[in-house]
Structures are given as C-alpha cells and as structure tokens.
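Inside the fold
As a plain string of letters, each chain reads:
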Amino acid sequence: MTDQLDATGKLRHLLTLDGLPREVLERLLDRADALRTPAQGGTGMRGVLAGKAVCTLFFEPSTRTRSSFQLAATRLGADVLTFDASVSSTTKGETASDTLKNIEAMGVQAFVIRHQADGAVAALAQDVQPGTALVNAGDGRRGHPTQGLLDMLTLRQAKGRDFSMLKVVIVGDVRHSRVARSDLHALRTLGAGEIRVCGPQSLLPDDDTLQGCTVTQDFDEALEGVDVVMMLRLQRERMQEGLIHSLADYHRDYGLGMDRLRRAAPDAVVLHPGPMNRGVEIDDAVADGRQSLILRQVANGVAVRMAVLEELLG
Amino acid sequence: MTDQLDATGKLRHLLTLDGLPREVLERLLDRADALRTPAQGGTGMRGVLAGKAVCTLFFEPSTRTRSSFQLAATRLGADVLTFDASVSSTTKGETASDTLKNIEAMGVQAFVIRHQADGAVAALAQDVQPGTALVNAGDGRRGHPTQGLLDMLTLRQAKGRDFSMLKVVIVGDVRHSRVARSDLHALRTLGAGEIRVCGPQSLLPDDDTLQGCTVTQDFDEALEGVDVVMMLRLQRERMQEGLIHSLADYHRDYGLGMDRLRRAAPDAVVLHPGPMNRGVEIDDAVADGRQSLILRQVANGVAVRMAVLEELLG
Amino acid sequence: MTDQLDATGKLRHLLTLDGLPREVLERLLDRADALRTPAQGGTGMRGVLAGKAVCTLFFEPSTRTRSSFQLAATRLGADVLTFDASVSSTTKGETASDTLKNIEAMGVQAFVIRHQADGAVAALAQDVQPGTALVNAGDGRRGHPTQGLLDMLTLRQAKGRDFSMLKVVIVGDVRHSRVARSDLHALRTLGAGEIRVCGPQSLLPDDDTLQGCTVTQDFDEALEGVDVVMMLRLQRERMQEGLIHSLADYHRDYGLGMDRLRRAAPDAVVLHPGPMNRGVEIDDAVADGRQSLILRQVANGVAVRMAVLEELLG
C-alpha cells in the first residue's frame, strides 16, 4: 500500500487511520482543536491554500461530507471543484483512475474521494503525481478517516486527552460501517480503556475488526457504565437484505432512548455520524438531549478537514 | 409563528411579506434600488459578507432562483454552499430540520430555502440558533417574498413610488401561485389603488387570498385601463389535473397578445415571474415588446436579494 | 451567422474554428502557451476577470469540459455560475434563448454553452446584448472550438509552430465527432502538410467535411509514416445503432496498440480527447506510453480556455 506518510513523518495522503502513528493523529487533533473558531467562518486563513485547487470526487453521493470538505477548503482559500463522478465520465466507461488523472492534469493539488469499493482510494493513490494529495472520504466498508478524527476530537473536548479510563461502546451495524472501523482504529491508537461493540449477530463484523473489543448482542448490558455511546446509522437496506427483521424490532433491541441511556455513566456522551433515523436507532430525547454531541461532531468535522488539508497542502 | 423582525425592527428572517410593515418593505426596496449597479457585477461590495457562508437549501429544484441568490451572495463576498436537498440526506430519511441544523453547525450564517410545503420555512425558523437567518425562496403555495419584492421594485422604477393611483391585474393560476400571494401582500401594503385578479374559476384561490380584490373570469374586462399586468406561469400539470381543458383554450381565454394588451392603459407594463410558456400565457410580441419588464424583473431580483442578505447578515 | 470577430479583429464570441483567421488562431495559441503555468493554479491572474461572472450553461452534460472552463474562469478571478440546463427550466418549457437571456439579466458577462444541436450556440449569439460573449463548448456534431485549439497547442508544443511538414491522421467516428471537425478546421488553417481521415465507412462524414483529406478505411495504411495520430472516442451507442458490428471488431480494425503505432513515424505523438475507452479505440500501452500527449492535452485545455475568456472579457 502507498505509504501515507513521507520520510519526515508528514502526511502525503490521508487514506486510513489504521496504523497511523499516535503522534500524527494527535498532531492533527491538536491542530483541529486550534482551528475551531476559523472553522466556523472568517477570512483569516484564506492565504493558506490560496491559488490551490481541491476537487471533491465522489463516486457515491454524500452531500453532507462533501459540503463539510468544501467549506473547509474554502475557508483555507482553496478553489473547490465539485466533481460528481456518480453521474459523469465514469458512466461513459472511463476508469476512476483516468478521471482522477484528468482532473489532476487541470491543476488540482488535492482530491477528496468517496468510493463504494474497499481500498479504492489507496489504489488511486498509486496513480497520482508526487505532489498530489488524496483524502479518503469513505471507501466501501473500509474507512472514513476524517470521521474517525472528528469523533476523537469530540471525545477529547468532552472527556480530556487521556482516553485510558474511557469505556466506549459502538452500537449498531458495525459490519457495514466504515465509520466504526475508523473509530476502532483511532480508539485503539489513542489507548481507549475499554471498547465494546454491540449489535445483532447479522450486523457484527469479522473477528479481525473486533480485535481487542468486548462483543455483545445485549444492548442493555453493553451500556452498563460506559462513558461514550457511539451510535451508528442503520441503513434501511438492511431490512430488504434480511439482515434485520423490522425497524420496530431493531428499535426495541438497539434503539437508544432515555431509559436505556441511564444505564451508562451519568455524564456519558452520545455520538452519531448522521444522518440519523430518529425513532429507529436513536430517540428524539437522546438526539436533542444534553448528552448529545451530534452537532458538535458536525462542527468539528470542518475543523478536522481544515487541519488535514492544511497539513497535506499547506 | 417566528417573528421575522427583531426588537429594533430589523429583519431576522425573511419568511413572508404578509404583515411585513410598510417601512421595512420600503427600506428594502430603497436599498435594492441603490444596489442596481453592484447587482450586475463588480467587487466593490465583497467586504459586506466576507467570511460568512450562505447555503441555498432547495427541497424542490429551481435553478433560476437559486442562481439569483447565489450571485447576490457572491457579490456581497459570501461563500455559497449549494445543497440540493431533493437528492440528498433527506432521501436517506433525515428530517429537513436535521439537515438544516447540520449545515448550520458547519458554520453557515444564512439559509435560502425552497420547500414544497406551505409554511415549511417558517417552521424551520423555530429550529435555528439566534444568529442564523432564513430566507424563504418559495414555500408551497404560500409565498415567495423576494419575488414579491422584486416585482414591487420593478413597478416602482416604472411607475414611481406612489402606488395609490395604480390599477393592477394579476392573471392566471392564482390558486397555486406563491408569487401571486406575495405580490398581493406587497401591493396591499404599498397601497395599490386597485387590484384585479383574473383566471378561470378552477384556478382562482379562496376568498381569504382574494380579500380586497376585484375578481373576474373575463380577461378582456380585467385588462380595461390597467397600468400593470402581472402574468403568471401556467404549470402544464394543471391540464393533467383537469383544471384546464387544453393549452389552446387557455391561450384563447387567458393568453396575453398585443390585441388584448391594447385594452390596458397605453403605458401599461407587463410582468412575468418566468419561466414563460410562450404561446400559452404570453405571446412573443408581448414578452419581447416595449411594455415588457420581464428581464428588468430578473435584474432586480439580484439587487433585492443583495439587499435582503445585507440586512440579515451585514 | 453572427460574426465572431468585431471590427478590430478581436473575438466577440468563440463559435467555430471554421473560417477563424490564422492570425486570431495563432494569437490565442501564443497566449495560451504563455498561460501554461498560471493555468495550473496560483493567484497572479485573479484581477483579469474580477467582478465578472461566467456561466457554464450545459444543455447536455459534460463534467470534464465544464470543470476545465470553471477552473480557467476561476483562475482569472471570475465568479462562476454552473447552470445545468439539462435538468432545469428548459424542462419546464422555457426556450434556450429565454434561459440565456434570464441569466444574462442577472449580470453574467460570458456564457460557456454546450448544446446537442448543430449551430445552437451561433443561433443563441443573435439574442444576447452587445457586451455578452458566448463560447461554444460543443454543439451537436458541428464543432468544439476550444478542443480544437488545445489539440493545436499540444501539437505545436510537440512539433513546433510550422505544421507544413506534418502528416496527421484522425481515426474513428469522424462522422459524429465535433472534435474532429474543429481539428480539421484548425489543421487546414494552420497549413498541416497532410491530413488523413480513417474509420469504417459507416462512421465517415460527408464529402464536405472531408475536403482536402486523404480518406481510407485501412488503419494500418493510414498510419504509415504519420507524425500525429488523433484518436477519437467511440460512443458505445454506435453499436446499438448498428453502425459498428462489435467492440471487439472495432478494436481489431481501429484500435491503436503498440504494434500498429510502430507504422507511424518513430517520434509520432498520440492524442485523444477523452474520455477514453481503453481496450476499444486505444490500448493501455499507447494511452500511458511515452508517445501519448493525452494528459498534456487536458492541461493545455485550461490554458486555452483562459486565453479565450481573457480575450473575450479582459
């Protein structure tokens, strides 16, 4: 695989959190934390990427993630090119690599790529020029590293930098979730005290992914005393695929309501990567309650993406 | 309903022209008039919203209205985020309110929202932070306030600020038209001398909307001596719905040609919100004739939207 | 037809390369050549079109061409409005001319237009205000002048400014290709030594287009000793239309592999307008080989479009 770090330990691409050294991860989080205010607007950082171009190249649609990257790049002064590859040349038989190299040839210095296939972004990283940086904005089930980073930033702001005493549970469709995989990588690297994974058997991943985690199908048990509840989105397709029986059953067994949340530590926090299915995996009272950090995650997303783009191109 | 004015009488949101005080309406029109030249381009006003972000959040597509707002925001120096909610997260089961709050959390200070449901934008205004401003760019049949403002600006430029002697006719599918409702609100507030409403019975609205208007189904009669003819677009769906018999019949009874226009005052002006169905509600000779202010309306649209965004965020 | 030059010989529109004087063509190429570095990024030229707006108005989708124009306009400092007319007002019954005049009224100074109909852009040029410039970004089979220019720039960089000794072959679906037509116009104007056209009978154009060309259906023969091979994209629709028998047959007869390329001059160069069908009209070894100028074409595309926009609006 393409090494995502150069000889000096600086990021060349951001492809995965798997194996990303703790000092790099913490450097990015520190920088993102410092960027919280500029991430909400202002013109103070427009010089950082002025005259550079960032392309969002999405082979699978995701308006929210794309928008977050777009605002991050804009606030650093970059020109942003939105290339919706799900409706474009690729439908004319062009390979993803050719699409990428074409836009690169137009003078684009960084690509934010989402792709439906595991490892697709790392594969594309083989094809670009030395100065061009790729950011994985989600590849198959494999990873979504900036989501992992923004989740860690959100936890750090709420719980402090030392994760060694933290009990964290990740709940839901872990099997199909790139968010869960990136969170697991980052939580391990940052030394989280205990990581529990909870979901129905049909939505649990292979043992490799679960390494070092406590696994249970009983949500009530999984919540006991945790400091952090990371909910996952349930794709409605899982029902058609026969992986869950019904949304009502799923809600009964794995939906997070206030009653259930009381099993966690009193100051436990709740995260969700969005978009939420209210009334399925999460109830209104939790989503909008005082323990929810969901909108804080979104705000941190812009800061994290600014920190990543700045390190890659700045 | 959320009050769209703050304690000092400044706009916090622009949700409707219904009940908007005359002084606010006239202040916006005065400012828009002063912005006519910058509304056509240039960099002189880029400082006004520099570092702020405006999101066009359209749950129903409308490229023209979106483009007009985009140019207005850009010419004030804002960053513009285009969020096509008709093809996005909302299709993944997310509520409109969650979509809005998510983008708001990314550091967006104003939203320009189009939605298919009456009152949707006012409802969303309940959910945002105190500093965030919403502009209704069309909600169901309820209203399209910036269209109403640009129509008034166009009339003022043509006929002067005093509307008390003006005879105005609004023609066509008034029942389904948010443009007509916003025009009616503004014309009443500005004290138009006489307001006539004309269309087939099946396309006339309820009595509430028609308050204070002279109503007729006879277009020739309705045109007698008017100073202003406000044509409405006929949605072709009205035929499938059985509300009109045929486009040819509609054109015969409610299409505006030169012959008919001669019944109006010699210096009468013609408005149309676009897009036009030439040969249905309006003939080429009128659309492109010396009495048509249709392209002037479009130009004024950018100025009005700059004035609104400036008051909301400036 | 609207003259695309004003009285002083300056471009008012860029509609076609057919009949464009050699000095204008060479002036644009010289300027584009000088813009190679700024075309890859930077802020040095942002003043050229600052405060002006360029609209890409595509009645037929083409993300790559649109992106190239967008980056060119952005690097000159223009505001860029993307108007996807294939999903917009036009579907509501508005004429292309009304769509154009509406956006023009919003204060847009130049339009980059793609349309499926031959001559559509030249027709639209009749309807705009004197100060508004149109660039044809592809109209039907008729022409794609900036592609022709970027191909010529690429050839000039590889082979020098004097084309009189050059042997060029254009291969493939010449009949349906606007690229081929623009290349033919430019090659003739620049005095190319010999122009060969090669493809199956069913994909050859009329005699008018072929004027002055050597025509053959035998690709091997056509390649003998040429300095330049201009490959065309094969639209897969041609098979459904019965114009070609199968992709495999097409590849056997008209696909360019390394073996075949050896018939050309040893320093022959290969061009392709993209997107490529690898394994159909071109093999990997050629597309990615040392004789391929395909990515150089793409890079030159931004420079050419900057030169054109600068001359039209600067």
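1. Digging into the environment of Leu166 of chain B
All names here are of chain B. Inspection of the secondary structure assignment puts Leu166 in the loop between helix H5 (145-159) and strand S5 (167-171). Between the C-alpha atoms of Leu166 and Gly93, which are 73 residues apart in sequence, the distance is 49 Å. Apart from the residues within four sequence positions on either side, Leu166 is in contact with Lys159, Ala192, Gly193, Asp227 and Val228.

2. Here we look at the pairing of S5 of chain B
Residues and elements named next belong to chain B. Counting buried positions along S5 gives 5 out of 5 residues, so the element sits mostly inside the fold. Burial along S5 is two-sided: Lys167, Val169 and Val171 facing one way and Val168 and Ile170 facing the other are all buried. Sheet topology note: the S5/strand S6 (residues 194-198) ladder contains 5 bridges and is parallel. Bridge pairing links Val169 to Arg196 in S6. The β-α-β motif built from S5, the intervening helix H6 (residues 178-189) and the parallel element S6 has right-handed crossover chirality. Note: S5 against strand S8 (residues 228-231), 4 bridges, orientation parallel. Directly across from Val169, in S8, lies its bridge partner Val229.

3. Some remarks on the nonpolar core
Grouped together as the largest cluster of nonpolar side chains are 312 residues, with contacts concentrated most on Val229 of chain A, Val229 of chain B together with Val229 of chain C. In contact with Val229 of chain B, not counting residues within four places along its chain, are Val169, Val171, Leu223, Leu256, Ala264, Ala268 and Val270 of chain B.

4. Description of unusual backbone geometry
Of note, the amide linkage connecting Gly274 of chain B to Pro275 of chain B takes the cis form, showing an omega dihedral of -15 degrees. Note that Pro275 of chain B resides in the loop between strand S9 (269-271) and helix H12 (284-287).

5. Examining the domain arrangement of chain A
Residues and elements named next belong to chain A. Per the domain assignment, the segments making up chain A are domain 1 (22-143 + 298-313) and domain 2 (146-293). Contact with domain 1, which involves 19 residues of that partner, is made by 16 residues of domain 2. Within the residue set of the side of domain 1 that touches domain 2, elements represented by two or more residues are helix H1 (22-34), strand S4 (133-139) and helix H13 (294-313). The element contributing the most residues to the side of domain 1 that touches domain 2 is H1, with 6 residues.

Analysis parameters
- Residues numbered from 1 in each chain as written.
- Chains lettered and ligands numbered in written order.
- Predicted model: local features only at pLDDT ≥ 70, side-chain atom pairs only at ≥ 80, totals over all residues.
- Helix = DSSP H or I, 4+ residues; strand = E, 2+ residues; numbered from the N terminus.
- Contact = placed C-beta atoms within 7 Å.
- Buried ≥ 20, exposed ≤ 12 C-beta atoms within 10 Å, placed from the backbone.
- Pairing = 2+ DSSP bridges.
- Right-handed = clockwise from strand over helix to strand, strands pointing away.
- Core = buried A, V, L, I, M, F, W, Y, C linked by C-beta atoms within 7 Å.
- Domains from an automatic or database assignment.

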